[in-house]
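Chain and residue survey
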Amino acid sequence: MQMRSFRPAVTGMAMLITLAMSPVYAAHTANKAYDSVDPFIGTAGGGHTFPGATVPFGMVQVSPDTQILDFHKSYGWAAGYRYEDKTILGFSQTHFSGTGHSDLGDVLLMPIAGQVRLDPGEIDKPDSGYRSRFSHNGEIAQPGYYAVTLSDYGIRVELTATRRVGLERYHFPTDKPAHVLVDLRSSIYNYPGKVLWSRIRIRSDGTVTGYRITRGWAPGRQLYFAMRFSRPMTGHELYDREAPLDYKGFAPPAANDPAERAQILGRGLVGVFDFGLLKDPVLLVKVSISPVSEDNAMENLDKEMPGWNFDATRTAARAAWTRALSIFNVDASPGMQKSFYTALYHTMIAPNLSMDVDGRYRGPDNAVHKAKGFDFYSTLSLWDTFRAEHPLLTLIQPPRRTDDFIRSFMAFQHESPYGMLPVWSFQGLETWCMIGYHAVAVIADAYMKGIRGYSADEALKAMVATATYGPYGGLKYYIKLGYVPIDKEPEAASKTLEYAFDDWTIARMAQAMGRKKTAAEFYKRAGYWRNEFDPKTGFARARLSTGQFRTPFDPAAAGYGSDYTEGDAWQYSWYEPQDIGGLIHELGGDQGLIQKLNAVFDTKVNPKEFANVEDITGLIGYYAHGNEPSHHIAYLYDYAGEPWMTQQRLKQIMDSQYAPTPDGLVGNDDCGQMSAWFIFTALGFYPVAPASNEYVIGRPFVKRAVLRLPNGRRFTVIAEKLDAADPYVGSVSLDGRPLNRVYLRQKDIMDGGVLRFVMQAQPNRHWGISPAERPYSMSPYK
């Protein structure tokens, strides 16, 4: 029976609820959700996702690496794996999902049958090293499970995981000696000298432990591990493949420990563990990681995976993903359903747990701390995820999850040498990547939605401290002048615009808390975007410290040294989500904004203009869906009284920027942001201004979606006449009552009920055109 056959009116909701609560219906929904996910989506093209095994928000992501070893050419291998490749380097324990810059790839394992080569070899010459060819025939990727056959060795590899432990099952041939190679040299985004120091120890019981310290994206990162095999090794060899250097500042090798068989320290460590000819061809290895110590890694291993039941671990990972994914029951075309549930999967990979079973973690001061009453999370790509990823998680995860994120932010700020909330951190360490201080937007959005399992007073204090830390990103000039001057700070126009939005979210939270003085200060700062807007050209531009706009001005100029971050004036000038009414005023009225938006999408642009600028991809005119500054732009027609144009542009984007294929993401998924945009847009609404408690209405792309809310209620979206011939919204109703405004409130969703769209062939030029029906703006519409 197809779900589309159930189209109850509001008076028939009791039947829908009864069906939704039945065990058979729930099992069908859960299996449909899990089986619809394709982790290969985004592993080709620019998506930078990985196909390996992890659990929701887990600390390990055990996945194959096919990466090229030349740092200068490694951008496309940010997740370690590319679908187009023909050889596998090995299987490492940590990966980012969808990032534009990268690191990790810790503790690479490679099972080998027969002759052992100690070096990896070249990506297109597997016989030059321990790499192996593989084929997509027989390669399997599912949430929490991955399998592949290493053709050169005849070894079948299976991967699964718990929160802190990766479990690998190897099926060796029985006529060749079995080995497992561990390479501590290997990293994603590799380069000579990246590993500062490392160790491999073989304990008396056969447990292998170690660590490495790297100077990658987060300098001085320490990663510890513990590893056990399901059968005793018959021998081992430990090598340092890099010439000794003067290791000043690092501890010398420890004295021999009676509890260990052997150890080696150095910068280029490779361990080979031998198992001889296996009558039973199956060998398992489990690897835990820790940011704290080898002993903690062993405790993680002992407490989280004491046994050797691969199938039970895989089943538990599947169950965790099934619970997470079945939050939605979606009725859509097969391709849309696959894209929807895969996007949902990608939104729940990060942020990542970064804490041992005893509660200890490593903070931004590179010291060890202990979380009390919360789980510490990191991998915070906040420049991306504050826009839609974190707002989505407030709807699909229990409030405790967001509370833990915020308490992690606050702990980070308390431990930071700079007293700042995280900007872009992973494994507890700051990278200073990207701009803004968008942790404040995540906190304010949660607070305004009633998610408050933390000290609001301490949170607001941390937000204000971050927004007033003068040395960061030209803030001292922004505070003094009302803008960031381009002769003092690069990418100044983008920074001014993003600081102003962040300041508005602080003001919103302060006002809700009754902190009138703080609210007034930050509402004033939220208007500083006007200091960068040039009404003569109709673009946001960088000013010099003298107050003059920088000249000459080319709105299409992008890249290093420009006024903007990973964008140009065509993409960044409309980033005033707190004050689109003010933007409309600066552009001379509704038609001024509409004309600019039309020019963004309709101008003929040669993609080669941006060939040397990372992440400006997915071009429709100047609109660049492959990067976050463009993500809200299509929704801005709603603010100017032409919602049918929002609907038209969204269809353009969905048709051209997403597909249920390995190359189905035109840009980096950025820890779930590209996917969160897809989820919201498929449902028919989007959080243009987080902390506003509003979602701007677009148009749906699924026939029906039922969202099981954290409060136990259900919110249902229904799209009638959803087909290619009817691309426009004819009418919208909420619980059977006409909805004339072009936005939803947070309360509309959390109260449950039914949002019904009726689609039609032609634009409805009478719906949503009044200023009273438009979304929030700090300045009134005129």
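Residues numbered from 1 in each chain as written. Predicted model: local features only at pLDDT ≥ 70, side-chain atom pairs only at ≥ 80, totals over all residues. Heavy atoms only, no water.

A tally of regular secondary structure across the protein chain gives 19 helices and 37 strands. Against the compact-globule benchmark of 28 Å for 782 residues, the protein chain has a radius of gyration of 26 Å, which places it among compact chains. Projecting the C-alpha coordinates of the protein chain onto the three principal axes gives extents of approximately 80 × 65 × 50 Å. For the protein chain, with 782 residues in total, the buried portion stands at 67%. (Helix = DSSP H or I, 4+ residues; strand = E, 2+ residues; numbered from the N terminus. Rg over C-alpha atoms; globule rule 2.2 N^0.38 Å. Buried < 20%, exposed > 50% of the residue type's maximum accessible area, 1.4 Å probe, protein only.)

Along the chain, Arg649 falls in helix α17 (residues 643–657). Within the local environment of Arg649, its side chain forms a polar contact with the side chain of Asn598, the two groups lying 3.2 Å apart. Contacts of Arg649, omitting those with residues within four sequence positions, involve Asn598, Phe601, Asp602, Ala634 and Tyr637. (Polar contact = N/O pair within 3.5 Å; in protein donor to acceptor, adjacent residues only side chain to side chain. Contact = heavy atoms within 4.5 Å.)

A few words on empty space enclosed by the protein. Empty space left among the atoms is revealed by rolling a probe the size of a water molecule over them. All chains considered together, the criterion is met by six cavities of 30 Å³ or more. Taken as a whole, the largest cavity holds about 120 Å³ of empty space. Elements supplying a minimum of two residues to the lining of the largest cavity: β13 (219–229), β17 (282–290) and β19 (352–353). In terms of residue class, the lining of the largest cavity is made up of six nonpolar, nine polar and no charged. (1 Å grid on protein atoms, 1.4 Å probe; cavity = no way out; pocket = protein on both sides within 12 Å on 5 of 7 lines; lining within 4 Å. Points joined across faces, edges and corners; volume = space filled by probe spheres on them. Nonpolar A, V, L, I, M, F, W, Y, C, P; charged D, E, K, R; others polar.)

A few words now on the sheet that holds strand β30 (residues 685–686). Across the sheet, which stays open at both edges, the three strands sit in the order β30-β31-β36 with antiparallel pairing between neighbours. The sheet is open, and its two edges are formed by β30 and β36 (743–745), each paired on a single side. Of the strand pairs in this sheet, β30 and strand β31 (residues 694–697) are connected by two bridges, and their pairing is antiparallel. By the bridge assignment, Tyr686 is partnered in β31 with Val696. (Pairing = 2+ DSSP bridges.)

Moving on, we get to the pairing of strand β15 (residues 260–266). Counting buried positions along β15 yields five of seven residues, so the element is predominantly enclosed. As defined by bridge partners, strand β11 (residues 195–203) adjoins β15 across six bridges and the pair is classed as antiparallel. Bridging across to β15, Ile202 finds its partner in Ala262.

Here we take up the packing of aromatic side chains. One pass over the full model with this rule turns up 46 aromatic pairs. Residues Phe340 and Tyr341 carry aromatic rings whose centres are separated by 5.7 Å and whose planes lie at 80° to one another, so their mutual orientation is edge-to-face. Here Phe340 and Tyr341 have matching classes, each one buried. Relative to Tyr776, the ring of Trp504 has its centre 5.5 Å away and its plane inclined at 40°; by these criteria the two rings are tilted. Separated by 272 residues along the polypeptide, Trp504 in helix α12 (residues 492–512) and Tyr776 in the segment after β37 (753–760) bring together distant segments of the chain. Relative accessible area serves as the criterion here: at 0%, Trp504 is assigned to the buried category. An aromatic cluster is present here, built from Tyr635, Tyr658, Trp677, Phe678, Phe680, Phe685, Tyr686, Tyr695 and Phe715 joined pairwise through their rings. Taking NZ or CZ as reference, Arg774 lies 5.4 Å from the ring centre of Tyr781, over its face. (Phe/Tyr/Trp six-rings, centres within 6.5 Å; stacked < 30°, edge-to-face > 60°. Lys NZ or Arg CZ within 6 Å of the ring centre and 35° of its normal.)

What follows covers the side chain of Ser562. Here Ser562 shows up in the loop between β27 (539–540) and α14 (569–572). A distance of 3.0 Å separates the side chain of Ser562 from the backbone oxygen of Gly559, its partner in a polar contact. At 3.2 Å, the side chain of Ser562 and the backbone nitrogen of Tyr564 are in polar contact. For Ser562, the residues in contact, after removing those within four places along its chain, are Ile486, Glu491, Arg550, Ala557 and Gly567.

In terms of burial, strand β33 (residues 714–720) is largely enclosed, as five of its seven residues are buried. In the sheet, strand β32 (residues 704–708) pairs with β33 via five bridges, with the strands oriented antiparallel. Residue pairing for β33: Val706 is matched across the bridge by Thr716. Connecting β32 to the next strand, β33, in antiparallel fashion are five residues, including Gly712 with a positive phi near 95°. Of the pairings in the sheet, the one linking β33 to β37 comprises six bridges and is parallel in character. Bridge pairing in β37 places Phe715 opposite Gly753.

In this structure the tally under the stated criterion is 40 salt bridges. Note that Arg530 and Glu586 form a salt bridge whose closest N and O atoms lie 2.9 Å from each other. Linking Arg530 in the loop between α13 (516–526) and β26 (533–534) with Glu586 in helix α15 (residues 580–586), this pair joins segments that are 56 residues apart in sequence. Within this structure, Asp103, Asp106, Lys194, Arg212 and Arg221 form a network of salt bridges that share partners. (Salt bridge = Lys/Arg side-chain N within 4 Å of Asp/Glu carboxyl O.)

Moving on: the layout of surface pockets. Within this model, the largest pocket holds a volume of roughly 720 Å³. What lines the largest pocket is a set of 34 residues, and nearest its centre among them are Cys433, Met434, Glu566, Glu614 and Asp615. The residue makeup of the lining of the largest pocket, split by class, is 14 nonpolar, eleven polar and nine charged.

Glancing now at the confidence of the model for the protein chain. Averaged over every residue, the pLDDT of the protein chain is 93; the share at 70 or more is 94%. Within the model, the stretch residues 1–20 combines pLDDT values under 50 with 26 contacts to residues more than four positions away or in other chains. Counted against residues more than four places away or in other chains, residues 246–255, with its pLDDT under 50, gives 13 contacts. (pLDDT = per-residue confidence, 0-100.)

In this section: helix α10 (residues 456–467). With twelve residues, α10 should reach 16 Å at 1.5 Å per residue; the first-to-last C-alpha distance of 16 Å fits that figure. Of the positions making up α10, those classed as buried are Ala456, Ala459, Leu460, Ala462, Met463, Thr466 and Ala467. End-on, the buried residues of α10 take up no more than an arc of 160°, which puts them together on one face. Buried residues along α10 sit in contact with α8 (399–415), α9 (439–448), α11 (475–481), α12 and α13. (Expected span 1.5 Å × (residues − 1). Arc of directions from axis to C-beta.)

Take helix α16 (residues 590–602) next. Taking 1.5 Å per residue, 13 residues should reach 18 Å; α16 reaches 18 Å between its end C-alpha atoms and fits that length. Listed in full, the buried residues belonging to α16 are Gly592, Leu593, Ile594, Lys596, Leu597, Val600 and Phe601. Looking at the buried side of α16, the elements it contacts are β27, α14, α15, β28 (619–620), β29 (623–624) and α17.

All told, the structure shown has zero disulfides when counted by the stated rule. Here Cys433 stays unpaired: no disulfide links it, and the sulfur of Cys671, its closest cysteine neighbor, is 11 Å away. For Cys671, a relative accessible area of 1% corresponds to the buried category. (Disulfide = S-S within 2.5 Å.)

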